[in-house]
Each structure stands twice: as C-alpha cells, then as structure tokens.
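Listed here are the chains, written in short residue letters.
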Amino acid sequence: MRAVVCRAGELTVEELPTPVPGRGELLLRVTRAGICGSDLHARHHCDATADVSAEVGYDAFMRSDQAVVMGHEFAGEVVSYGPGCRKRWKPGTAVVSVPMIKHGDTAHLTGLSAQAHGAYADFILVSEDMTMPVPEGVSVNQAALTEPMAVAYHAVRRSEIGKRDVAVVVGCGPIGLAVIAMLKAANVRTVIGSDPSDGRRVLARRVGADIVVDPTVDSPWDRCAEKGGYITAAGDLLGAAFAGMRTLRRIPGVPWAPVFRMADRLGATPKGPVVFECVGTPGMIEHIASSAPFRSRIVVVGVCMEPDTFRPAMAINKEFEMRFVFAYDPAEFHHTLGMIADGTVDVTPLITGTVGLDGVSAAFDALGSADQHAKVLIDPTSEVATL
C-alpha cells in the first residue's frame, strides 16, 4: 500500500506492506483522513511531547528518529477481520473509529506512534471494539471530522459553560472553529472568535461565532467586557466586595455572611468569561493570563508541544480557573457522530480542501501559513497534489 511516512520532520510517500489485522482488529480501506493541528506540531516537535508522555506512563509517542504514518482523524470501509472478532459489519460498511489500538496489553495512539500506523495511507488497522458504523446520510467527508469535533465537544463539556456565559475562542484554526460550532450547539448565546486571519474570521462566522475580532486591530477582551460587564482591574474587584458588604450590613436582621455565600453560589458575585485557548503555541497562555478579565475560566485546548511559561502570580491575582483538556471518551466520540448525523452541528464549513497522498507534504507546508484553510482532508485515491 501507499502511505505518507514522517521521518525526521520529512514527509515522503512510500510503499509499505498492507497491514494484517490481529486479534480483535479490523482492516479498513481509508476513504478520508484529516490533517490535524497536532500533526503539524508533531512533525517537528514530537520529541518534547514524547518525553512528557513517557513521564505519565506512555512511552510509545512518536519520536523524530522513527518512521511514523500519521493520521488519527479518518473514515473508512471495512475490508477484513482478524481472529477473535465478532464481525459486526459487512465488508464495504462505512465506519469511523476511536484512534486507539491495543497490541497485547498495551494501548497505542493511532497515527501518533510508530506502533500504530495512522490513516495517511490506503489502509489502516483499528480495534473492532472502538469502531462505529457511519449513519446513513453522512458523507465520508463529514464522518472524517468526527474525531476533531469530539475533541471540541469534550472541551465544551469540561468547560461547564452556561448558556448565558460569554465564550472567547482564541484562535480560529480547525480546533477553534470546531469549539465555536460546539458552543453554538450547546446554545451558548455569545461566542467571540479572535484570530488575526481574515479568512479564518470568515470561517468563524460561518460556524456560528456571534462576534469576530482581529486582535491586531481590536481587543477581544474589550468586546467581552461590553457583553459581560466583567472586572478588569483589581480596584474594581475590591470595590465590589465593599459595595456588597455595605448593602448587606444595612439590611436589619439579615445575617450577612450566609447571604454572601448564597449569592456566590447563585453566580451573583463577580465572575469572568470562559476562554478557550485553541492556538497551542508558546506564549498563548501567558497572553490570555495577562489580558483576560478577572475570574475567567481558561480552557486550554490547543496542544503546545514545546516547553512554555506563564506567570502564576498573574493568574493568582486574577483568580483564574485553568482547565487543560485532552481528547474525549468513546461515548463522547459516539455522541459527536450522532450530532453530525442529525444536523446538530454542521461540519461542512470547516472542510476547505482535499488532496491525495502525494499532496500531503505540500499541504502541511501550506497549512503553516494559509489563512483560507481550516480542515484539509486526504483522499488516498485522489491525484490532487496541491491545495
């Protein structure tokens, strides 16, 4: 089979043996694969992430001196089964799969490990237990976006954002756009998308952003303050405490301390917006910590694969809540597929280009700076080599 191999940051199309499914595995013919921002980062910065992964107990994350077939966003068709399978679907059935596969007792991240080749290829192995049929009416292009949309769905769920909260999405690349779409699917009333790219701001509008901001011209935090009346200076936060105490102390016979605590539980005390960091490059967390309103909840979705720093004292003084999110669970993956199928989320605006295997290297290079593209898909049968 033909496959795109990443080795020392170089992407080359090579002939590899067609994989043979092992116990509990299926062989799929890849119909579409997506190029993920994590793939762009991993191409050059995988070693730092591999070191961190090893520290937390997973020592098989791809390294720059290994030959790896990337691609963890994909849709495919059933070709054959390995031993021990229940053979749930007929050959030719359209399916998607959570990109994890198990060799013996060890699980591997498909497309991000030399032990689990990904979908930048004609064929891919998946776990039968992790595989799900694509509902009728869902195209291969739409199905291939199940994985990145599941990442966004998980991030929005973990954010615990309310419908009346203001969401600020920093970075309107593929994952930022997916987060915007999922926020609107969750009926969040005000979603602000911030990106310096004209093209990506247009895409942010298409997927549902209520306000789009060019941060080189306008401040998303100013627009946020207009919507939420948030606190942006320490004096105002201290003043709110004095104002609250002055009011409560003047009410005869009312125990002020329980009322104050109840007001806090009901959300009556000052709070900030929910901020989604969807860039994943060094300096972005510090930028948000320095700029966002007091008491913001910051959800880090972008995968920065390099060491980074921010000033904890800034986050402490502003009393931020920070949450870091990673991937999704199988139920969230399945629910996301259902949301795509029933039209709760429309993923078609995210798809901005398709290339064949021979066009993957050029697509990677272009995606580093192209502002008109969001999700570029790979069709292994296509001869298209440029975007």
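All residue numbers refer to position in the chain's written sequence, counted from 1. With pLDDT at 70 or above as the cut-off, local features in this predicted model cover only qualifying residues; side-chain atom pairs require 80 or more to be listed or tallied, and sums for whole chains, interfaces and linings still use all residues. Heavy atoms from the whole structure form the basis of all side-chain values; hydrogens and water molecules are not counted.

The name that an unreviewed UniProt entry assigns to the chain is Alcohol dehydrogenase GroES domain protein, with the source organism given as Gordonia bronchialis.

**Q** What am I meant to see in the overall build of the chain here?
**A** Segments assigned H or I by DSSP are reported as helices when at least four residues long, segments assigned E as strands when at least two residues long, and all are numbered from the N terminus. For the chain, the count of helices and strands is 12 helices and 17 strands. Here the radius of gyration uses the C-alpha set of atoms, whereas the globule reference equals 2.2 Å times the residue count to the power 0.38. Since a compact globule built from 387 residues should have a radius of gyration of about 21 Å, the 23 Å found for the chain is in line with a globular shape. Here the C-alpha coordinates of the chain stretch approximately 80 × 40 × 40 Å along the principal axes. Burial status follows relative accessibility: with a 1.4 Å probe on protein chains alone, a residue under 20% of its type maximum counts as buried, one over 50% as exposed, and anything between as partly exposed. Counting across all 387 residues of the chain, residues that qualify as buried make up 49%. Only heavy atoms matter for contacts: two residues are in contact if any of them lie within 4.5 Å across the pair. Contacts in the chain between residues at least 24 apart in sequence constitute 72% of all its contacts with a sequence separation of at least 6. Residue exposure ignores everything except the shown protein chains as possible cover, and the areas themselves are Shrake-Rupley values with a 1.4 Å probe. Taken as a whole, the chain presents about 17,700 Å² of accessible surface, with 53% of it coming from carbon and sulfur. Where the 36 positive side-chain charges of the chain centre and where its 44 negative ones centre are 11 Å apart. A positive count includes Lys and Arg, and a negative count includes Asp and Glu. His and the chain ends are not counted in either. We put the charge of a Lys on NZ, of an Arg on CZ, of an Asp on CG and of a Glu on CD.

**Q** I would appreciate a short explanation of the nonpolar core in the present structure.
**A** Judged by nonpolar contacts, the single largest core of 50 residues is most densely connected at Met149, Leu183, Phe276 and Val301. Elements that contribute at least two residues to this core include exactly helix 2 (140-144), helix 3 (146-159), strand 10 (166-170), helix 4 (174-185), helix 5 (198-206), strand 13 (274-277) and helix 11 (330-342). For this core, the element with the highest residue contribution is helix 4, accounting for eight residues. Boundaries of every domain are those given by an automatic assignment or by a domain database. Summarising the domain contributions, this core has at least three residues from each of domain 1 (2-134 + 347-378) and domain 2 (148-324). Contacts of Phe276, omitting those with residues within four sequence positions, involve Ala155, Val156, Ser159, Ile161, Ala167, Val168, Val169, Val170, Val179, Leu183, Val299 and Val301. Residues belong to a common nonpolar core when they are buried Ala, Val, Leu, Ile, Met, Phe, Trp, Tyr or Cys residues joined through side-chain atoms within 4.5 Å. Core analysis: the next-biggest nonpolar cluster, separate from the first, contains 47 residues, Tyr58, Met70, Trp89 and Ala363 among them.

**Q** Got a minute to help me understand the environment of Ser113 in this structure?
**A** With respect to the helices and strands, Ser113 occurs in the loop between strand 7 (106-109) and strand 8 (123-127). For Ser113, a relative accessible area of 0% translates into the label buried. The spacing of Ser113 and Arg297 is 184 residues in sequence and 33 Å in space, taken between C-alpha atoms. For Ser113, the contacting residues outside a window of four places in its chain are Tyr58, Ala60, Met62, Val68 and His108. Definition of a polar contact: a pair of N or O atoms within 3.5 Å, with one able to donate and the other able to accept a hydrogen when the atoms are protein atoms, and with sequence-neighbouring residues admitted only if both atoms are side-chain atoms. One polar contact links the side chain of Ser113 to the main-chain carbonyl oxygen of Ala60, over a distance of 2.9 Å.

**Q** Mind showing me how you'd approach the side chain of Asp122 here?
**A** Residue position: Asp122 is located in the loop between strand 7 and strand 8. A distance of 2.8 Å separates a polar atom in the side chain of Asp122 from the backbone nitrogen of Arg2. With residues near it in sequence (within four places) discarded, Asp122 still touches Met1, Arg2, Leu28, Arg29, Val30, Leu357 and Pro380.

**Q** How should the packing of helix 3 against helix 11 be read in this particular structure?
**A** When two helices pack together, their arrangement is given by the angle between the helix axes and by the axis-to-axis distance. For helices, the fitted line uses only the C-alpha atoms of the stretch in contact; every axis is such a line through C-alpha atoms, and the angle between N-to-C directions lies from 0 to 180 degrees. In the contact formed by helix 3 and helix 11, the axes pass within 9 Å of each other and the chain directions differ by 110 degrees. In this view, helix 3 runs roughly perpendicular relative to helix 11, as classed from their interaxial angle. Crossing hand, helix 3 versus helix 11: right-handed. Facing Thr146, Glu147, Met149, Ala150, Tyr153, His154 and Arg157 of helix 3, the residues of helix 11 in contact are Glu332, Phe333, His335, Thr336, Leu337, Met339 and Ile340. In terms of residue class, the contact of helix 3 with helix 11 is built from seven nonpolar, four polar and three charged. Here the angle decides the label: under 35 degrees means roughly parallel, over 145 means roughly antiparallel, 65 to 115 means roughly perpendicular, and every other value means oblique. Here a crossing is taken to be left-handed if its near helix is turned anticlockwise relative to the far helix by less than a right angle, and right-handed if that turn runs clockwise. Charged residues are taken to be Asp, Glu, Lys and Arg, nonpolar residues to be Ala, Val, Leu, Ile, Met, Phe, Trp, Tyr, Cys and Pro, and polar residues to be all remaining types, Gly included.

**Q** For this particular structure, what's the right way to read the domain arrangement of the chain?
**A** Quoted interface sizes are often the accessible area lost when the parts come together. In terms of domain boundaries, the chain breaks down into domain 1 (2-134 + 347-378) and domain 2 (148-324). Residue-level contacts link 19 residues of domain 1 with 18 residues of domain 2. Buried area: the sum, over both parts, of the accessible surface (1.4 Å probe) that disappears when the two are put together. Taking both sides of the interface into account, the surface hidden between domain 1 and domain 2 amounts to around 1,400 Å²; carbon and sulfur atoms contribute 68%. For domain 1, the biggest contributors to the area lost against domain 2 are His41, Leu350 and Asp371; these three give 34% of the whole. Put simply, a salt bridge is a Lys or Arg side-chain nitrogen that is within 4 Å of an Asp or Glu carboxyl oxygen. In this structure, the connection of domain 1 to domain 2 is made through zero salt bridges. For the pair domain 1 and domain 2, the number of links is zero residue pairs in polar contact (both at pLDDT 80 or more).

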